[in-house]
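Here's the letter readout for the chains.
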Amino acid sequence: MASSLPAFTVRRGRPVLVAPAAPTPRETKPLSDIDDAEGMRFYSSGVHLYRGSPAREGQDPAKVVREALARALVPYYPLAGRLREEPGRKLVVDCAAQGVMFADADADLTADDFGDVLGPPFPCFERFILESTTVAGVEPVIDRPLLYVQVTRLKCGGFIFGRRICHCVVDAPGAMQFEKAICELARGAESPSVAPAWGREVFMARRPPRPSYPHIEYREPAAGPDRIMSTPPGDMARVPFFFGPREIAGLRQRAPPHMRAGCSRFELVAACVWRSRAAALGYAPGDEVRLSFIVNARGRAGIPLPEGFYGNAFAYSAAATTAGELCGGDLGYALELVKKAKSAVTYDYLLSVADLMVLTGRPLFALSRTYIVSDVSHAGFKSVDFGWGEAVYGGPAKGGEGPFPGVANYFSRAKNGEGEEGTVVPICLPRDAMERFQLEVEGLTSEL
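The paragraphs below set out a description of the structure included in this document. Within any chain, residue numbers begin from 1 and follow the written order of that chain's sequence. Local features in this predicted model are restricted to residues of pLDDT 70 or higher, and side-chain atom pairs are both shown and tallied only at a pLDDT of 80 or more, whereas totals for entire chains, interfaces and linings draw on every residue. The basis for every side-chain value is the complete set of non-hydrogen atoms in the structure, without hydrogens or water.

### Here we look at the overall build of the chain
Link 1 in the chain: The numbering of helices and of strands both runs from the N terminus, where a helix is a DSSP run of H or I of at least 4 residues and a strand a run of E of at least 2. Looking only at helices and strands, one finds 9 helices and 16 strands in the chain.
Link 2 in the chain: What the globule rule says is 2.2 Å times the number of residues to the power 0.38, and the radius of gyration is computed from C-alpha atoms. Here the chain has a C-alpha radius of gyration of 22 Å; the compact-globule value for 448 residues is 22 Å, and the two agree.
Link 3 in the chain: Judged by the C-alpha coordinates and their principal axes, the chain covers about 60 × 55 × 45 Å.
Link 4 in the chain: Scored against the burial criterion, the 448 residues of the chain give a buried share of 56%.
Link 5 in the chain: Between two residues, a contact is recorded if the distance between any of their heavy atoms is within 4.5 Å. Within the chain, contacts between residues at least 6 apart in sequence are counted, and of these 82% link residues at least 24 apart.
Link 6 in the chain: Entry remark: accessible area of the chain is about 18000 Å², with carbon and sulfur atoms responsible for 53%.
Link 7 in the chain: Residues scored as charged are limited to Lys and Arg (positive) and Asp and Glu (negative), so that His and the chain ends carry no count. In this description, the location of a charge corresponds to atom NZ of lysine, CZ of arginine, CG of aspartate or CD of glutamate. One way to put it: in the chain the 51 positive side-chain charges average out to a point 2 Å from where the 52 negative ones average out. Exposure is judged per residue with a 1.4 Å probe applied to protein chains only, and the accessible area is read against the type maximum: over 50% gives exposed, under 20% gives buried, and values in between give partly exposed. A 1.4 Å probe and the Shrake-Rupley method give the accessible areas. Residues count as covered only by the protein chains that appear here.

And the structure:
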């Protein structure tokens, strides 16, 4: 388990702009109509923790990363640009090598002080990432650096790489592709092994736009209170739940026989958490409740993504039912809804989302009585190696994103104290609901 950190100080240097290391094209590049949706207009935070390496003794990780970053920005030059909004809330990138923000820092901690970080949130993450400027509590993305990097040296010779990157320009796999390019250059490569591809035309709205699906993920459910959105942050409890081999076996035993072999780990955990969460929050039986989750388009048949694409290549898909049906039914009922929503995402579905964005002003996805999940367990965070070896921890800095704690969650991979690998879900609920949630999860995961 993660240790309680001792009192410590972070001494951060003055942030500077890092431009591409060589001349890059001066041009304007439009984002896709999926990239510039309201729900993408924020900065996603990630943290990687490294121990010292004898092979790198005497080398300054901040200098190594900064130099590799400047070189990586040559092929990835749009990341050194700035967003501009055009009529219809359309976002474009002005590519003029304006640069990304970088800061080095020193902390009087060692990598071992963090213990075993099971999953997000990373301890005291605010100290290890370089914040962008907020205006009245809102984090603008227009005319700001698209990437903020902080490298914090530790007294053991290790370091922490913290970054915030604009989600309009990259999704999680795209961010990992860029970070791995930095790593390859930091380890001595002449160029990244994967050449980046812009390719945003793949997800542009059709002309004329013609949404062909209901897209309930962008429509709030019928009126009714959602206590999680009105609970003050100070009244919320945060507990990580680990779904290892025993828990997955228990869930699979509760799936209908015809579904047991064909259910993925994500489907089992998502169905369990959605059902348990709805029960714990005590929604009225007739209240509509939803599970909205990201479905990655990469590797799906019929979606013409170019190799090296690093933009947003996913859609939200939603499962919906009433609280009474969800909590009164067995796990198989929730599983069927999850699998149906997951299979709905095709290239036509993605184009329909793009069409909807253009016609409706690029709205935010629905939040009320909706549990939003992003599965980053296969993003490859820990494999980001700048030359100091595999990360001790690699993953999201926060347990979730968005203005309302507990609405959105990351699913990530980690090992428990017994060395078993599993899925970690950092649950955030009103304090009085957490005990009920735990009992519900235990009831579904205990082996029969």
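Now that the structure is up, let's keep going.
### Details of the packing of aromatic side chains
Link 1 in the chain: Stacked, tilted and edge-to-face are the three classes applied to pairs of Phe, Tyr and Trp rings, where Trp contributes its six-membered ring and a pair requires centres within 6.5 Å; stacked means planes under 30 degrees apart, edge-to-face means over 60, and tilted covers the rest. Summed over all chains, the structure comprises 22 aromatic pairs.
Link 2 in the chain: Residues Y76 and F178 carry aromatic rings whose centres are separated by 5.0 Å and whose planes lie at 65° to one another, so their mutual orientation is edge-to-face. Of the two residues, Y76 is situated in the loop between α1 (61–72) and β5 (82–86) and F178 in helix α2 (residues 172–186); the sequence distance between them amounts to 102 residues.
Link 3 in the chain: Counting every residue linked through ring pairs, the aromatic cluster contains F8, F114, F122, F128 and Y393.
Link 4 in the chain: As a reminder, the over-ring test applies to NZ of lysine and CZ of arginine, requiring each to be within 6 Å of the ring centre and within 35 degrees of the ring normal. Stacked on the ring of F309, the Lys or Arg R200 has its end atom at 5.5 Å from the ring centre.
Link 5 in the chain: The ring of Y310 carries the charged tip of R200 above its face, separated from the ring centre by 5.1 Å.

### With respect to the environment of F122
Link 1 in the chain: Locating F122 in the fold gives a position in the loop between β7 (100–107) and β8 (147–154).
Link 2 in the chain: Through-space distance from the C-alpha of F122 to that of Y393 is 8.6 Å; in sequence the pair is 271 residues apart.
Link 3 in the chain: With sequence-adjacent residues up to four places away left out, F122 is seen in contact with V47, L49, F114, V117, F128, I160, Y393 and A397.

### A word on the sheet that holds strand β10 (residues 236–243)
Link 1 in the chain: DSSP-based pairing: two strands are paired if at least 2 bridges between them are found. The strand order across the open sheet formed by 6 strands is β10-β16-β15-β13-β11-β12, and the pairing between neighbours is mixed. Pairing within the sheet leaves two strands with one partner each, and these edge strands are β10 and β12 (314–322). For this sheet, the mean angle separating the axes of adjacent strands, direction not counted, is 25°.
Link 2 in the chain: Where strand β13 (residues 370–375) meets strand β15 (residues 408–415), 4 bridges bridge the pair, whose relative direction is parallel. Looking at the pairing, V373 lines up with N409 of β15. Convention adopted: a line fitted to C-alpha atoms gives each axis, helices being fitted over their contacting stretch, and angles between N-to-C directions are expressed from 0 to 180 degrees.

### Quick word on the side chain of R164
Link 1 in the chain: By secondary structure assignment, the location of R164 is in strand β9 (residues 159–166).
Link 2 in the chain: Polar contact criterion, stated in full: a pair of N or O atoms within 3.5 Å, where within protein one must be able to donate a hydrogen and the other to accept it, and residues adjacent in sequence count only if both atoms are side-chain atoms. In terms of polar contacts, R164 uses its side chain to reach the side chain of S45, at 2.8 Å.

### Description of the nonpolar core
Link 1 in the chain: Among buried residues, those of type Ala, Val, Leu, Ile, Met, Phe, Trp, Tyr and Cys that are joined through side-chain atoms within 4.5 Å constitute a nonpolar core. Residues L69, L83, F243, W274 and F386 are the most contacted members of the largest nonpolar core, which totals 129 residues.
Link 2 in the chain: At 11 residues, helix α5 (residues 265–281) tops the list of elements feeding residues into this core.
Link 3 in the chain: When residues no more than four places from it in sequence are discounted, the contact partners of F243 are I248, L251, R265, V269, C272, V273, G422, T423, V425, V441 and T445.
Link 4 in the chain: Of all hydrophobic cores here, the second largest spans 19 residues; its members include L49, A107, A111 and F114.

### Some points on the sheet that holds β5
Link 1 in the chain: Spatial ordering of the open sheet is given by β3-β6-β5, a layout of 3 strands whose pairing is antiparallel. The sheet is open, and its two borders are formed by β3 (27–30) and β5, each paired with just one other strand. The average undirected angle you get between the axes of adjacent strands in this sheet is 35°.
Link 2 in the chain: As judged from the 5 bridges shared by β5 and strand β6 (residues 90–95), these two strands associate in the antiparallel manner. Looking at the pairing, E85 lines up with L91 of β6.

### Some remarks on helix α8 (residues 347–360)
Link 1 in the chain: Residue count minus one, scaled by 1.5 Å, sets the expected span of a helix. Taking 1.5 Å per residue as the helical rise, α8 with its 14 residues ought to reach 20 Å, and the 20 Å between its terminal C-alpha atoms agrees with that figure.
Link 2 in the chain: Next to the buried residues of α8 lie β12.
Link 3 in the chain: At the exit of α8 stands G361, carrying a positive phi of roughly 80°.

### Things to note about the packing of helix α4 (residues 245–254) against α5
Link 1 in the chain: It is the contact of α4 with α5, at a shortest axis distance of 10 Å, that shows an interaxial angle of 80°. By the criterion of interaxial angle, the relationship of α4 to α5 is roughly perpendicular. Only R265, L268, V269 and C272 of α5 make contact with α4, whose side of the interface consists of I248, L251 and R252.
Link 2 in the chain: When residue character is reported, Ala, Val, Leu, Ile, Met, Phe, Trp, Tyr, Cys and Pro are called nonpolar, Asp, Glu, Lys and Arg charged, and the others, Gly included, polar. Grouping the amino acids of the contact of α4 with α5 by side-chain chemistry returns 5 nonpolar, no polar and 2 charged. Angular relationships are summarised with four words: roughly parallel below 35 degrees, roughly antiparallel beyond 145, roughly perpendicular across 65 to 115, and oblique for the angles in between.

### Overview of unusual backbone geometry
Link 1 in the chain: With an omega of -5°, the peptide bond running from R207 to P208 counts as cis.
Link 2 in the chain: Looking at the secondary structure, you find P208 in the loop between α2 and α3 (227–230).
Link 3 in the chain: For C124, which is not a glycine, the phi torsion comes out positive at approximately 55°.
Link 4 in the chain: Among the secondary structure elements, C124 is positioned in the loop between β7 and β8.
Link 5 in the chain: Positive phi is not limited to glycine here, since H215 has a value of about 50°.
Link 6 in the chain: Structurally, the position occupied by H215 is in the loop between α2 and α3.
Link 7 in the chain: The buried category is assigned to H215, whose relative accessible area is 3%.

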